[in-house]
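Structural overview
Given next are the chains, with one letter for each unit.
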Amino acid sequence: MSTDLTTFAGLLSTIEDPNGRELLDPATGEVVGRTREGSTADIDTAVAAARKAQSDWASRSSEERSELLNKAADAVEASAEALAELLSREQGKPLNGPNARFEVGACAAWLRANAAFELEPEVLVDDEETHAELHYAPVGVVGAVGPWNWPMMISVWQFAPSLKMGNTVVLKPSEYTPLSVQALVAVINEVLPADVLTVVPGSGEVGAALTSHADVDKIMFTGSTKTGQAIMRSAADTLARLTLELGGNDAGIVLENADPAAIAGDLFWGAFINTGQTCAAMKRLYVPESLYDQVCEALVEVAKQSPMGVGLEEENVLGPLQNKQQYDIVAKLVQAAKDSGARVLTGGDPAADQPGYFYPTTLVADIDNDNPLVAEEQFGPVLPIIKYTDLEQAIGWANELEVGLGSSVWGSVLEECKKVAARLQAGSTWINKHGAVDPRIPFGGVKKSGFGLEFGLEGLKHVSVPHVISW
Ligand code: NAD
């Protein structure tokens, strides 16, 4: 019996376990579906099957793998509305805005971009006596573990380059959003050969079984710094290669010559994309005293025009927090900031007795740089705006944390912005935008935000092993 993967009900019926664990819509508390729970034995089975499938997959031509990735993108586009609805209901993010439809669109875009990349051998030495070339071979079986904030898109970031290079992949999605990833893979597996891409849903324990597995050659992990550290410890035993995309606490710095009205929209979405639940979202904004009131007022205006609500209602562009744990972290940090005397410009006062985990869009002014709301990764729809009087002070504050994922500089003179950008300790620094990822441009963290790069040809290198051939 073939199932219609282009409707929400059809899609869900292919992945749901009627006796499995309930997933609740974080906006309404309604049951979205029931997930199968994988076990460590399922990891063993999936890794063994991935190993068996890998030599055939790697022996196909790069063109053939690209063709299949393009067909996978076609399949995602054909099921886009059903995938977006499931994602919206399970993760909470609205269909509209830079949210569920945007995420599904990005999945197709990243599949196509990786299909188009080709990692050619590099000539290292070419003289009369010696010729040496650097080739890139598949690493083997990739174990990928992901978070709940952008569950589909981050899975694609992990598996699209891996598959392109001839690896096979076992994915362990977050226990908060397993249906979204299983549905995406069900759609894609309509076109891929068996066992090239497998999902094993389950808890952190199942994730640990994958990342410590003796037959996994490469681990791609996106999630918290704490889990990344645990994975790195266990990888010492297997010597699996690692790409770790971990937590952040991105700073934005507005320069004296910026135009508050012109940048307000992009500043707002740099912070509030996916209701702030984004690793590379702006989490703290440094504004010079001379522009402080204007920037604050302009941001409040954008907040007023950005409705928050149930994801399936088309007018909404902001949604709930994904889970209670995240809601509690955000509520506690904002309350502590209020208690310390910080000034709430908008939000900061969640409605009692509401269904779902809605925390209002919150802008906080007159807050000290060492306040925990600034210094910790709060991962919610909140932006603390910190006043500075001296640019050196702002650069120092931006750089003083242990993490370094993204950052941004906002001003009207590009050369000046570039000078400040070069001094920021982060894997990516954007000018007059924030968090604008692009499949052609490498992305990754420094310091405790992790290491290894994703996207572009650099991304392909990180899912390969170097092989030097010389004569
Ligand atoms: P998390 O670390 O709690 O969980 C991530 C995944 O790891 C889940 O699938 C979980 O089941 C699994 N896991 C838990 N313990 C494990 C273990 N011991 N071994 C192997 N796997 C294990 O993170 P989260 O709460 O899902 O995600 C939010 C965090 O992810 C934030 O810190 C955010 O900044 C970060 N993040 C980073 C990026 C990036 O690109 N740098 C992108 C998105 C999210």
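None of the values given here were measured: they were computed from a predicted structure.

A few points about the UniProt feature "active site" (unreviewed entry) in the protein chain
Here the UniProt-annotated "active site" (unreviewed entry) positions come out as E245. For E245, the position within the fold is in strand β9 (residues 241-245). Ignoring sequence-local partners within four residues, the contact set of E245 consists of F221, T222, G444, G445, G450 and E454.

Regarding unusual backbone geometry
As a rule of thumb, non-glycine residues mostly have phi less than zero, and peptide bonds are mostly trans rather than cis. Notably, F379 is not glycine yet its phi reads approximately 55°, a positive angle. Checked against the element boundaries, F379 lands in the loop between α13 (372-375) and β14 (382-388). The phi dihedral of F455 is positive, around 80°, even though this residue is not glycine. Locating F455 in the fold gives a position in the loop between β19 (450-451) and α16 (456-461).

Overview of the UniProt feature "domain: Aldehyde dehydrogenase" (unreviewed entry) in the protein chain
UniProt tags residues 22-464 as "domain: Aldehyde dehydrogenase" (unreviewed entry). End C-alpha to end C-alpha, residues 22-464 measures 38 Å, and it is 41% helix and 20% strand.

Considering the sheet that holds strand β6 (residues 168-172)
Strand pairs in the sheet, formed through backbone hydrogen bonds, run parallel or antiparallel to each other. Spatial ordering of the open sheet is given by β7-β6-β5-β8-β9-β19, a layout of six strands whose pairing is mixed. Across the chains shown, the open sheet's two edge strands, defined by having one partner strand only, are β7 (197-199) and β19. Relative to β9, strand β8 (residues 218-222) is paired through five bridges, and the arrangement is parallel. By the bridge assignment, M220 is partnered in β9 with T243.

A closer look at the pairing of β6
Most of β6 is tucked away, with five of its five residues classed as buried. Of the two faces of β6, both are covered, the one formed by T168, V170 and K172 as well as the one formed by V169 and L171. In this structure, strand β5 (residues 141-145) lies alongside β6, joined through five bridges in parallel fashion. Looking across to β6, one finds that V142 is bridged to V169. The parallel pair β5 and β6 is bridged by helix α6 (residues 151-164), and the resulting crossover is right-handed. In terms of strand pairing, β6 meets β7 through three bridges, oriented parallel. Bridge pairing in β7 links L171 to V199. As a crossover connection, the stretch from β6 through helix α7 (residues 178-188) into β7 is right-handed.

Here's the deal with the site of the ligand
With respect to spatial proximity, 31 residues lie near the ligand, and among them G204, G207, G223, G247 and C279 are the closest. Sorting the residues of the shell around the ligand by element identifies α8 (204-211) and α9 (225-238) as the ones contributing at least two each. With four residues, α8 is the single largest residue contributor to the shell around the ligand. Looking at the shell around the ligand residue by residue, the class counts come to eleven nonpolar, 16 polar and four charged.

Concerning the sheet that holds strand β11 (residues 282-288)
Reading across from one edge, β12-β13-β14-β11-β10-β16-β17 is the order of the seven strands in this open sheet, with mixed pairing throughout. Of all the strands in the sheet, the pair left with one neighbour each is β12 (343-346) and β17 (428-431). The sheet shows a mean angle of 25° between the axes of neighbouring strands, direction not considered. Relative to β14, strand β13 (residues 362-365) is paired through three bridges, and the arrangement is parallel. Within the sheet, the bridge partner assigned to V364 lies in β14 and is P384.

Some words on the packing of helix α3 (residues 62-78) against helix α5 (residues 100-116)
Orientation of α3 relative to α5, taken along the N-to-C sense of each, is 165°, at an axis distance of 8 Å. With respect to α5, the axis of α3 lies roughly antiparallel. Our pair here, α3 against α5, has a crossing hand that is left-handed. Note on element contacts: α5 touches α3 through V104, C107, A108, L111, R112, N114 and A115, opposite S66, L69, N70, A72, A73, V76 and E77. Among the residues making up the contact of α3 with α5, the classes are represented as nine nonpolar, three polar and two charged.

Here's the deal with helix α11 (residues 292-304)
Compared with the 18 Å implied by 1.5 Å per residue over 13 residues, the 19 Å span of α11 between its first and last C-alpha is a close match. Among all positions of α11, only V295, C296, A298, L299 and A303 are buried. The buried residues of α11 all sit within an arc of 165° when viewed along its axis, so they share a single face. For α11, the elements touching its buried residues are β10 (250-254), α10 (260-272), β11, β12, β13 and β14.

Quick look at the environment of G450
The topology assignment puts G450 in strand β19. Residues G450 and S224, spaced 226 residues apart in sequence, show a C-alpha to C-alpha distance of 9.7 Å. Among residues more than four places away in sequence, those in contact with G450 are G228, L244, E245, L246, G444 and G445.

Analysis parameters
Residues numbered from 1 in each chain as written. Predicted model: local features only at pLDDT ≥ 70, side-chain atom pairs only at ≥ 80, totals over all residues. UniProt positions renumbered as here; feature names shortened; annotations may be inferred. Helix = DSSP H or I, 4+ residues; strand = E, 2+ residues; numbered from the N terminus. Contact = placed C-beta atoms within 7 Å. Pairing = 2+ DSSP bridges. Buried ≥ 20, exposed ≤ 12 C-beta atoms within 10 Å, placed from the backbone. Right-handed = clockwise from strand over helix to strand, strands pointing away. Near = placed C-beta within 6 Å. Nonpolar A, V, L, I, M, F, W, Y, C, P; charged D, E, K, R; others polar. Axes fitted to C-alpha atoms, helices over the stretch in contact; angles between N-to-C directions. Parallel < 35°, antiparallel > 145°, perpendicular 65-115°, else oblique. Left-handed = near helix turned anticlockwise from the far one by under 90°. Expected span 1.5 Å × (residues − 1). Arc of directions from axis to C-beta.

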